[in-house]
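# Structural overview for review
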Amino acid sequence: MHVQQHTLTRQSVLYSEKIAEDVFILGFQKNFDFEPGQVVGISVEENGPRRLYSICSGKEEDHIAILYNVVDEGYLTPRLSSLFAGDSIWVTEPRGDFLYDPGPSFWIASGTGIAPFYSMLKSGNFDRKILLHGERHLEKFYFYDEFYDTLGHNYIRCCSGEEDPAVFHGRVTGYLRSLPSLPLHYKYYLCGRAEMVVETRDILIERDIPFNHIISEIYF
Amino acid sequence: MESLFGKTLDELRDVTVILGLPSYTAKQIADWLYGKHVFSIDDMTNLSLSARKQLKENYKFGTEACSKVQTSIDGTKKYLFNTSVNKYIETAYIPDSDRHTVCVSTQVGCKMGCLFCMTGKQGFQGNLTAGEILNQLHSIEESSRITNIVYMGMGEPLDNLEPVLKSLEILTSEWGYAMSPRRITVSTIGLLPAMREFLEKSEAHLAVSLHSPFEEERKMLMPVQQVYPLNEVLQEIRSWDFGKQRRVSFEYIMFRGLNDTPEHVKELTKILSGIRCRINLIRFHPIPDTPLDTSSDETISAFKDALNDKGITTTIRASRGEDIYAACGLLSTKKLLKKS
């Protein structure tokens, strides 16, 4: 006998919106509670392959949203991007421990790795947080208004592909290297692609941040 | 041009249909590709000349020679293969009396970001095809001597499940390499849905990277713990019949002062209770920018004894090929860093 599988349940898509080049936000019916920072498994078929996505909506909102980047050669994201309101998707219950910490923290994200932090923000959890967000293009700081309104200058955008006087030109790793020091008592939450997470972690360790203060969520 | 090497018998049947060749040709091609050790379509001498011509016009054979090989004083060899994404993968050949083990890679780089892993520092460059996985066995000098295969090289095998399962099918089928699945071990950090599918579809042994029995500690070492916690992985393993024909083992890298204490022995005993398994203790080979250090030989030995006393079969994996950086990711990452 096998252990209970993480069951997929059918949900209706409420909206699918393209918010930047190749980036979509997909909202669907909510039939479970979750903690900001958790992920759900998504499939477009009942028995099809599933992938994990961070929830990108607030805990009290009446629906669940995920954020994703379309990978042309991928199986799932091109299919997800062609869905409309009323279409069905299959969703697992939420899981994961990349959760909000009330203490002072750096949130460091690249690309759609911003999703768990946006979920925390939308759930009212953002005290003593400094957010670094890395993107290649300026248009991809799609949540700028909400993050800036809440975090002010503690929302730091790092753009490697385009220049803007209000934005650090380079990657988040370049920004971290440019800082003379980093607070040792802060926690550092990293979310995004492995390359960013691994390189950032190396920098933090070089700067004597205890590695039990580094919490990583990797998109795979 | 598409490769023949790495195709299953069903896929070769599709090839024969496309080219209008007799259906029995598929089995003949499979025999040349995997049963006989040839490297070109011209060598498939029981195929008609026109069949060979058609194959050559539409497909390449698909094997790739290694670009570099290093030999350790202990006989271990490290092969470096160039891949379609122009990055290197590594294959280790490890002789040990009458046992000849090959450790194959399944991805170029890795996405999993484990704190102790050199491959992770390359980032992720791409998945290997079944042909590229099998080429690591076919194109090494010791090909005919291989007795055991471990999927423990670069990459997380179960993050590239389909080609891995396909390569296992080719390795274990009568029309393929006809190897026993009991001589093959696939390693994983515990990607739960893929692990379940692997257990359903293959009979090869399973090795799980454990490295700490404590949740918070394992999270620091292995980000995957955030989404697929060890307790769920163990719960799944408990539901399968291990310990007879098929084995499950746990890999445990020893880090000084972190996961090598009596509390770890106690907790390991607790969480592995009821699972017929083996623990392999591994010396940590320090990598650049790591806060981790390797446990002393005395500590590793005492840890092994303590686990054995608790009834868990525990061995210390001999370090091999240290003079040629044979541990996973070391050689190709050095080459990559040098290049950049």
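Residues numbered from 1 in each chain as written. Chains lettered and ligands numbered in written order. Predicted model: local features only at pLDDT ≥ 70, side-chain atom pairs only at ≥ 80, totals over all residues. Heavy atoms only, no water.

### Section: helix 8 (residues 230-238) of chain B
Residues and elements named next belong to chain B. Heads up, the rule is: Burial classification: accessible surface area is computed with a 1.4 Å probe over protein chains only, and a residue below 20% of its type maximum counts as buried, one above 50% as exposed, and the rest as partly exposed. Only DSSP runs of H or I reaching four residues or more are called helices, and only runs of E reaching two or more are called strands; each is numbered from the N terminus. What the arc measures is the spread of directions leading from the helix axis to the C-beta atoms. Residue contacts are counted whenever heavy atoms from the two residues lie within 4.5 Å of one another.
For helix 8, every residue scored as buried is listed here: Leu230, Val233, Leu234, Glu236 and Ile237. Viewed along the axis of helix 8, the buried residues span an arc of 155 degrees, placing them on a single side of the element. Looking at the buried residues of helix 8, the elements they touch are helix 6 (192-201), strand 11 (205-209), helix 7 (215-221), strand 12 (248-254) and helix 9 (262-271).

### Structural notes on the packing of helix 1 (residues 9-19) of chain B against helix 2 (residues 25-35) of chain B
All names here are of chain B. Stated precisely, the cut-off is as follows: To obtain each axis, a line is fitted to C-alpha atoms, and for helices this fit is confined to the stretch in contact; angles are then taken between N-to-C directions over 0 to 180 degrees. Every angle not falling under 35 degrees, over 145, or within 65 to 115 is termed oblique; those three ranges are roughly parallel, roughly antiparallel and roughly perpendicular. The handedness criterion is simple: a crossing whose near helix is rotated anticlockwise from the far helix by less than a right angle is left-handed, and one whose near helix is rotated clockwise is right-handed. Amino acids outside the nonpolar list (Ala, Val, Leu, Ile, Met, Phe, Trp, Tyr, Cys, Pro) and the charged list (Asp, Glu, Lys, Arg) are all regarded as polar, and Gly is one of them.
It is the contact of helix 1 with helix 2, at a shortest axis distance of 8 Å, that shows an interaxial angle of 125 degrees. Our classification of the angle between helix 1 and helix 2 gives oblique. Here helix 1 runs over helix 2; the crossing is right-handed. Side by side, helix 1 and helix 2 meet where Leu9, Leu12, Arg13 and Thr16 of the first sit next to Thr25, Ala26, Lys27, Ile29, Ala30 and Leu33 of the second. Its residues placed into classes, the contact of helix 1 with helix 2 shows 6 nonpolar, 2 polar and 2 charged.

### Describing the packing of aromatic side chains
The cut-off we apply is this: By convention, a stacked pair of Phe, Tyr or Trp rings (six-membered ring in the case of Trp) has centres within 6.5 Å and planes under 30 degrees apart, an edge-to-face pair has planes over 60 apart, and any other such pair is tilted. Charge-over-ring placement is defined geometrically: NZ (Lys) or CZ (Arg) within 6 Å of the ring centre, and within 35 degrees of the ring normal.
Overall, the coordinates contain 23 aromatic pairs over all chains when judged by the stated rule. The interplanar angle of 35 degrees and the centroid separation of 5.2 Å between the aromatic rings of A:Phe147 and A:Tyr155 together place this pair among those described as tilted. The same class applies to A:Phe147 as to A:Tyr155, namely buried. A ring pair is formed by B:Tyr252 and B:Phe303, whose centres lie 5.4 Å apart and whose planes are at 25 degrees; its orientation type is stacked. With a gap of 51 residues between them, B:Tyr252 in strand 12 and B:Phe303 in helix 10 (residues 297-309) connect regions that are remote in the sequence. According to the relative accessible area criterion, B:Phe303 is buried, its value standing at 3%. Through a chain of ring-to-ring contacts, three or more aromatic side chains come together here, namely A:Tyr118, A:Tyr142, A:Phe143, A:Tyr144, A:Phe147, A:Tyr148 and A:Tyr155. In this structure, B:Lys36 is placed above the aromatic ring of B:Trp32, and the distance from its NZ or CZ to the ring centre is 4.5 Å. A cation over an aromatic ring shows up here: B:Lys111 above the ring of B:Phe124, its NZ or CZ 4.6 Å from the ring centre.

### Regarding the packing of helix 2 (residues 115-122) of chain A against helix 3 (residues 144-151) of chain A
Residue and element names in this part refer to chain A. Running from amino to carboxyl end, helix 2 crosses helix 3 at an angle of 55 degrees, the nearest separation of the two axes being 11 Å. By the angle between their directions, the pair helix 2 and helix 3 is classed as oblique. Seen from above, helix 2 lies across helix 3 with left-handed handedness. Facing Phe117, Tyr118, Leu121 and Lys122 of helix 2, the residues of helix 3 in contact are Glu146, Phe147 and Thr150. Partitioning the contact of helix 2 with helix 3 into residue classes produces 4 nonpolar, 1 polar and 2 charged.

### Quick look at the sheet that holds strand 9 (residues 155-159) of chain A
Backbone hydrogen bonds are what pair the strands of a sheet, in a parallel or an antiparallel way. All names here are of chain A. Rules: Note: two strands are recorded as paired if DSSP finds a minimum of 2 bridges between them.
Reading across the sheet, the 6 strands line up as 10-9-8-7-11-12 and stay open at both edges, with parallel pairing between neighbours. Looking at which strands have only one partner, the edges of the open sheet turn out to be strand 10 (168-169) and strand 12 (214-219). With 5 bridges connecting them, strand 8 (residues 129-135) and strand 9 associate as parallel partners. The residue of strand 9 that forms the bridge with glycine 134 is cysteine 158. Across the face of the sheet, helix 2 comes into contact with strand 7 (105-110), strand 8, strand 11 (187-193) and strand 12 while running at roughly 130 degrees to strand 7. Along the sheet, helix 5 (residues 194-206) makes contact with strand 7, strand 11 and strand 12, crossing strand 11 at roughly 155 degrees.

### Notes on the sheet that holds strand 13 (residues 277-283) of chain B
Residue and element names in this part refer to chain B. The 10 strands are arranged 3-4-5-6-9-10-11-12-13-14 in an open sheet whose pairing can be described as mixed. Every other strand in the sheet has two partners, leaving strand 3 (68-71) and strand 14 (313-316) as the edge strands with one partner each. Taking the axes of each pair of neighbouring strands and ignoring which way they run, one obtains an average angle of 20 degrees across the sheet. Alignment of strand 3 against strand 4 (residues 77-82), held across 4 bridges, turns out to be antiparallel. The residue of strand 4 that forms the bridge with lysine 68 is leucine 80. The sheet strands contacting helix 4 (residues 130-138) are strand 4, strand 5 (88-96), strand 6 (99-103) and strand 9 (148-151), and the helix crosses strand 5 at an angle near 40 degrees. Contacts from helix 5 (residues 161-172) reach strand 9 and strand 10 (184-188), with the element oriented near 175 degrees to strand 9.

### Concerning the nonpolar core
To be explicit about the condition: We call a set of buried residues a nonpolar core when its members are Ala, Val, Leu, Ile, Met, Phe, Trp, Tyr or Cys and they connect through side-chain atoms within 4.5 Å of each other.
Formed by 126 residues in total, the largest nonpolar core has its most connected members in B:Leu4, B:Phe116, B:Tyr151, B:Phe198, B:Ile237, B:Phe250 and B:Leu272. Ignoring anything within four residues of it in the chain, the contact list for B:Phe250 reads B:Val208, B:Leu210, B:Leu234, B:Ile237, B:Leu272, B:Ile275, B:Cys277, B:Arg278, B:Ile279 and B:Asn280. Ranked by size, the runner-up nonpolar core spans 27 residues in total, among them A:Val23, A:Ala65, A:Tyr118 and A:Tyr142.

### Here's the deal with the environment of B:Lys201
Residues and elements named next belong to chain B. Note the following rule: Polar contact is the term for a pair of N or O atoms within 3.5 Å; when the atoms are in protein, one must be able to donate a hydrogen and the other to accept it, and sequence-neighboring residues count only if both atoms are side-chain atoms.
One can find lysine 201 in helix 6. Considered as a pair, lysine 201 and leucine 168 are 33 residues apart in the sequence and their alpha carbons are 9.6 Å apart. Of note is the side chain of lysine 201, whose polar atom sits 2.8 Å from the side chain of glutamate 197.

### Considerations on the side chain of B:Asn259
All names here are of chain B. Note that asparagine 259 resides in the loop between strand 12 and helix 9. The class for asparagine 259 is buried, based on a relative accessible area of 0%. A distance of 2.7 Å separates a polar side-chain atom of asparagine 259 from the backbone oxygen of histidine 211. Looking at asparagine 259, its side chain comes within polar contact range of the main-chain nitrogen of phenylalanine 255, at 2.8 Å. Once residues lying within four places of it in the same chain are set aside, the contact partners of asparagine 259 are His211, Glu217, Tyr252, Ile253, Met254, His264 and Phe303.

### Re a negative patch on the surface
Here is the rule we go by: What makes a patch is a set of residues exposed beyond 30% relative accessible area and free of salt bridges, joined within 9 Å when like-charged and within 5 Å when nonpolar (Val, Leu, Ile, Met, Phe, Trp, Tyr). The Shrake-Rupley method, run with a 1.4 Å probe sphere, supplies the accessible areas, and residue values consider only the shown protein chains as cover. For this document, the term salt bridge refers to a Lys or Arg side-chain nitrogen within 4 Å of an Asp or Glu carboxyl oxygen. The charge count treats Lys and Arg as positive and Asp and Glu as negative. His and the chain ends do not count. We put the charge of a Lys on NZ, of an Arg on CZ, of an Asp on CG and of a Glu on CD.
Taken together, the side chains of A:Glu21, A:Asp22, A:Asp72, A:Glu73, A:Glu139, A:Glu162 and A:Asp164 define an acidic patch exposed on the protein surface. Tracing the chain through its elements places A:Glu73 in the loop between strand 5 (63-69) and helix 1 (76-80).

### Side note on the domain arrangement of chain B
All names here are of chain B. What counts, and what does not: The domain boundaries here were taken from an automatic or database domain assignment. Each of two parts loses accessible area, computed with a 1.4 Å probe, when they are put together; buried area is these two losses added.
According to the domain assignment, chain B consists of domain 1 (2-60) and domain 2 (68-339). Taking the mean C-alpha position of each, domain 1 and domain 2 sit 33 Å from one another. Contact residues are listed per partner, giving 16 residues for domain 1 and 13 residues for domain 2. In total, about 1,100 Å² of surface goes out of reach between domain 1 and domain 2, with carbon and sulfur atoms giving 69% of it. There are 1 salt bridge connecting domain 1 and domain 2. Residue glutamate 11 is joined to lysine 166 by a salt bridge in which the shortest nitrogen-to-oxygen separation is 3.0 Å. Linking domain 1 with domain 2 are 3 residue pairs in polar contact (both at pLDDT 80 or more). Secondary structure elements with two or more residues in the side of domain 1 that touches domain 2: helix 1 and helix 2. Ranked by residues supplied to the side of domain 1 that touches domain 2, first place goes to helix 2 with 6 residues. When its residues are assigned to classes, the side of domain 1 that touches domain 2 shows 7 nonpolar, 4 polar and 5 charged.

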